[in-house]
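Here is how the chains run, residue by residue.
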Amino acid sequence: MQNDTTLGQLEARGLTRHYSMRASAGFFGPKRIVRAVDDVSLTLKAGRVTAVVGESGSGKSVLARMLARIIVPTSGELLLDGTAVPVHAKRTLAYTSQVQLVLQDPFSSINPVHRVRHSLERPLLIHGAKKNEVEALAAAALERVSLDPPARYLDRYPHELSGGQLQRVSIARALCVKPKILLADEPISMLDVSVRLGVLNLLRGLCDNDKLAILYITHDIASARYIADETIVMYAGQVVERSNGTGLIDEPTHPYTQLLIASVPDPADPTRAMPEKVDRLTQVSIAQKGCRFSPRCPHVMDVCRNNEPPMFDVGDGHVSKCWLHATSGEIVDVGLPETQRGGTITKK
Amino acid sequence: MTTDALDLQEPTLGEVQTDGRLVGSETADLVFEIRNFSVDYGWGVGAVRAVNAVNLDVHRAQILGIAGESGSGKSTLVYAATRLLRSPGVISGGGVTLNLGKDDQGIMESVDLLKASEKELRKIRWSQVSIVLQSALNALNPVLRISKGFEEILKTHRPDMSKGERRARAIELLSMVGLDEDRLQRFPHELSGGQRQRIMIAMALALDPQLVIMDEPTTALDVVTQREIINELSDLRARFGFAMIFITHDLSLLVELADEIAVMYAGSIVERAPAGALYSAPRHPYTLGLLNSSPPLHGERRELEGIPGSPPDLADMVTGCSFHARCPYKMEKCVTDVPALVPTDDTGRVVACWLHSGDVGVVVPEPLSRLVAITPAKKFHTVSSTVKKVEEAS
């Protein structure tokens, strides 16, 4: 796809974030590198929802914060509308007016001592809106997230609103500077089940009608299936499987994705195979060499313990980082940015 | 009760007898009774009714699920019923009985929890009723090692145990929830969320209680850990036969785990039914809405609506049925009159909805009149394997 500069596109190439920490031996113990995010490339395109699925600690939130430039990557580059962004420099207003982050917990991400008006008008003023315009702009943002009539909500305090309404305020706050890219870090996980769909439908609508590029981070794979145009599964900081649409949810090829899906409560299918029980006493969560999932993997082979698998193409824009597909799939060069491969990952 | 009604329920797990778990059918296995129970926040004219005339029974080895949104009163209900609710929460009516089992003469011993003194409560808590809270990080003392927590429980309730016995029991409990004994020397912050929650479960089971209350124990965990924990709970229930109340807002989780489910809305139970019947044939529009709120993992992608609107403000309650403002099947009567909880079919289900009150001329919409499907056996792979392991070991 050619870049359309009016629509906005954010591309990440080989984003990596390492943290060094002391091992349990204490302050004078040896240092250890934790690879929180390791070589993740993705492209957020206008009018598309990219879902990143993974369990806690898989690095998905660090990825979102690197894309928002709150966390400085150890290496890798960011391209906004095809132009390289200096990742080590201070975040600029020009960048934040294009890329906005919505956080998980609306109860703690909105200042409780100020009215909703304050939370919406402050970013507008920072981004240079005129004082006599801010109220109208804030009201317009509330209307976009279906908090209607806005006048009813502007002068409320956060504690007067329900979780679903607050998360809408949080999305409105991100939208009021008119960004082209919205990064949503687990936007529904703190909400009640009955209002989750409302927020998901809202995000989908922003994507379809306003052509926003949306990154949707979640651990709820069913909600990713509901909303995503592209799905990425992360494990221990790495992308282990990705597909266009929801191919990887309907036909998971990586053992980790299979485990994730089998773990979801699904009363519609009570006879399905339950995940294999791992002997937890010997379980080391992340392997230091080879495939990082190998200690938990029910299909582990010798090759997995020693060699890190490359991305194998399993067909139809679907790639899987697992040695099981070494015979059937072709190796996909993950180092190559997506745009040089014609936008989507295609079978060679 | 007819035999047909029994056939409609899911088969029981292992050898555990969960018969007679339906309302009022048998009293022998009844562990926990809540009768016409109401709880207010505040006093006088400013009082807000958080739990409204709730009736619940929990039988031995039964898992009762309570589902509802935040603010529906599900946590308030169990905290008040176990006398853990703090001011300004006020119990405004009803009764709660805990049956401790038969004594030597075969007479049922029971405790009226609402009349029990602090001293009596102290004896019952943890030894007969234990609770697992949502946030294990807050529930565990951050400056004490895990071993100290077990030590305190056992020291208080089993004063004749020696230090070595206490340690052995702690190790046994940890292995029950799949943790290694070296966890005993750790501090809570050194453990992952799933491990902390497992430790809370192990502590809750330390004294073989009659009833374990789980208040959203898996909400803060990711799906893989959640799956491991609910499989473990099913195992432990099958092995030890304790009764469990499991509170969550995730109805699909409950359908898999629980035997019977009570759905709460705005402080009242709106539907209570065996899990399979509730899932295959919901009768209350709110239950239907909750079931339709989780996007499916299979089938075509289509837009779902969820439940429009938001839960009512308890301080400003509407007249009539509390759900009428969000209900797609609202009738005139719903706005003015409060529906009572009445039996609808022979599965032991009760529902509070005017659609099912048997009024002449009311046509029940298709989604709420489905036939109860006979559900296949619940499949917890771990049950048989663990039982086998236990047998081999002994």
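Residues numbered from 1 in each chain as written. Chains lettered and ligands numbered in written order. Predicted model: local features only at pLDDT ≥ 70, side-chain atom pairs only at ≥ 80, totals over all residues.

Novice: Could you give an account of the overall build of chain A, with specific residues and numbers?
Specialist: Helices and strands together make up the secondary structure of chain A, namely twelve helices and 13 strands. Per-residue burial over chain A gives 49% buried out of 348 residues. (Helix = DSSP H or I, 4+ residues; strand = E, 2+ residues; numbered from the N terminus. Buried ≥ 20, exposed ≤ 12 C-beta atoms within 10 Å, placed from the backbone.)

Novice: Can you tell me about the overall build of chain B, naming the residues and giving the values?
Specialist: The number of helices and strands found in chain B is 13 helices and twelve strands. Here chain B holds 394 residues, and 47% of them are scored as buried. In chain B, 65% of the contacts between residues at least 6 apart in sequence involve partners at least 24 apart. (Contact = placed C-beta atoms within 7 Å.)

Novice: Which residues make up the interface of chain A and chain B, and what values go with them?
Specialist: Contact with chain A, which involves 37 residues of that partner, is made by 40 residues of chain B. Elements represented by at least two residues in the side of chain A that touches chain B include exactly helix H7 (163–175), helix H8 (193–210), helix H9 (221–227) and helix H11 (255–263) of chain A. Here the element with the most residues in the side of chain A that touches chain B is H8(A); it accounts for seven residues. Across the side of chain A that touches chain B, the residue classes tally to 17 nonpolar, twelve polar and eight charged. (Nonpolar A, V, L, I, M, F, W, Y, C, P; charged D, E, K, R; others polar.)

Novice: I'd like a description of the confidence of the model for chain B, backed by residues and values.
Specialist: The predicted coordinates ought not to be read in detail in places where the model reports low pLDDT. All names here are of chain B. Counting all residues, the mean pLDDT for chain B is 83, and 88% of those residues have values of 70 or more. For residues 1–26, every residue scores under 50 in pLDDT, and the model assigns this stretch 47 contacts once sequence neighbours within four places are set aside. Low pLDDT, under 50, characterises residues 379–394; the stretch is placed with 17 contacts to residues that sit more than four places away or in other chains. Taken together, the chains of this predicted complex give a pTM of 0.82 and an interface ipTM of 0.79. (pLDDT = per-residue confidence, 0-100.)

Novice: How would you explain H11(A) if you had to name every residue and give the values?
Specialist: Counting buried residues in H11(A) gives eight out of nine residues, a clear majority hidden from the surface. Lining the buried residues of H11(A) we find strand S3 (49–53), H9, strand S9 (230–235), strand S10 (238–244) and helix H10 (247–250) of chain A together with helix H8 (223–240) of chain B.

Novice: Report on the sheet that holds strand S7 (residues 211–215) of chain B, specifying residues and quantitative values.
Specialist: Strands pair in a sheet through their backbones, by hydrogen bonds, and they do so in one of two ways: parallel or antiparallel. Residues and elements named next belong to chain B. One open sheet holds the eight strands; their spatial order is S6-S7-S8-S3-S9-S10-S12-S11, and the pairing between them is mixed. The open sheet has two edge strands, strand S6 (129–132) and strand S11 (342–343), and neither has a second partner. The pairing of strand S3 (residues 63–67) with strand S8 (residues 243–248) spans five bridges and is parallel. What sits directly across from Ala67, in S8, is Thr248. (Pairing = 2+ DSSP bridges.)

Novice: How would you explain the nonpolar core if you had to name every residue and give the values?
Specialist: The biggest cluster of nonpolar side chains holds 97 residues, and the ones touching the most others in it are Leu67(A), Ala172(A), Leu183(A), Leu203(A), Ile214(A), Leu215(A) and Tyr216(A). Broken down by element, the residue count for this core peaks at seven residues, all from H8(A). Contact partners of Leu215(A), with chain neighbours within four places excluded, come to Leu44(A), Thr50(A), Val52(A), Ala64(A), Leu67(A), Leu183(A) and Ala184(A). Counting 96 residues, the second largest nonpolar core, distinct from the first, contains Leu85(B), Leu205(B), Ala262(B) and Phe323(B). (Core = buried A, V, L, I, M, F, W, Y, C linked by C-beta atoms within 7 Å.)

Novice: Break down the pairing of S3(A) for me, with residues and values.
Specialist: All names here are of chain A. Most of S3 is tucked away, with five of its five residues classed as buried. Alternating residues of S3 divide into Val49, Ala51 and Val53 and Thr50 and Val52, and every residue in both groups is buried. Two strands pair when backbone bridges link them, and S3 and strand S8 (residues 213–218) are joined in this way by five bridges, in the parallel orientation. Paired with Thr50 across the two strands is Leu215, which belongs to S8. The pairing of S3 with S9 spans four bridges and is parallel. Considered in S9, the bridge of Thr50 is made with Glu230.

Novice: Describe helix H5 (residues 134–144) of chain A, listing the residues and the values that go with them.
Specialist: All names here are of chain A. Taken together, the buried positions of H5 are Ala138, Ala139, Ala141, Leu142 and Arg144. Buried residues along H5 sit in contact with helix H4 (116–126), helix H6 (150–154) and H7. Among the residues trailing H5, Ser146 stands out with phi positive, at a value near 60°.

Novice: Please set out the confidence of the model for chain A residue by residue, giving values where relevant.
Specialist: Residue and element names in this part refer to chain A. Averaged over every residue, the pLDDT of chain A is 84; the share at 70 or more is 85%. Counting interchain partners and residues more than four positions distant, the pLDDT-below-50 stretch residues 1–5 has seven contacts. This model gives residues 279–284 a pLDDT under 50, and the stretch forms six contacts once residues within four places in sequence are excluded.

Novice: Go over the packing of helix H5 (residues 146–157) of chain B against helix H6 (residues 163–176) of chain B with me, naming the residues and quoting the values.
Specialist: Residue and element names in this part refer to chain B. Put simply, H5 and H6 touch, their axes get as near as 10 Å, and they point 120° apart. The element H5 and its partner H6 pack so that their crossing is right-handed. Residues Ser147, Phe150, Glu151, Leu154 and Lys155 of H5 form the contact with H6, whose own contacting residues are Arg166, Arg169, Ala170 and Leu173. Considered class by class, the residues forming the contact of H5 with H6 number four nonpolar, one polar and four charged. (Axes fitted to C-alpha atoms, helices over the stretch in contact; angles between N-to-C directions. Left-handed = near helix turned anticlockwise from the far one by under 90°.)

Novice: Tell me about the sheet that holds strand S4 (residues 89–102) of chain B, and name the residues and values.
Specialist: All names here are of chain B. Strand order in this open sheet of four strands is S2-S1-S4-S5, and the pairing throughout is antiparallel. Single-partner strands in this sheet number two, and they are strand S2 (48–59) and strand S5 (108–112). Strand after strand, the sheet turns through a mean of 10° between neighbouring axes, direction not considered. Sheet topology note: the strand S1 (residues 30–41)/S4 ladder contains eight bridges and is antiparallel. Looking at S4, one finds that Glu33 is bridged to Thr97.

Novice: Quick rundown of the environment of Gly14(A)? Include the residues and the values.
Specialist: Along the polypeptide, Gly14(A) turns up in strand S1 (residues 9–22). Separated by 28 residues in the primary sequence, Gly14(A) and Leu42(A) have C-alpha atoms spaced 8.5 Å apart.

Novice: Can you break down unusual backbone geometry residue by residue, with the values?
Specialist: A cis amide bond, omega -5°, links Asp148(A) with the succeeding residue Pro149(A). Looking at where Pro149(A) falls in the secondary structure, it is placed in the loop between H5 and H6. Of note, the amide linkage connecting Ser87(B) to Pro88(B) takes the cis form, showing an omega dihedral of 10°. Its place among the elements puts Pro88(B) in the loop between helix H2 (74–81) and S4.

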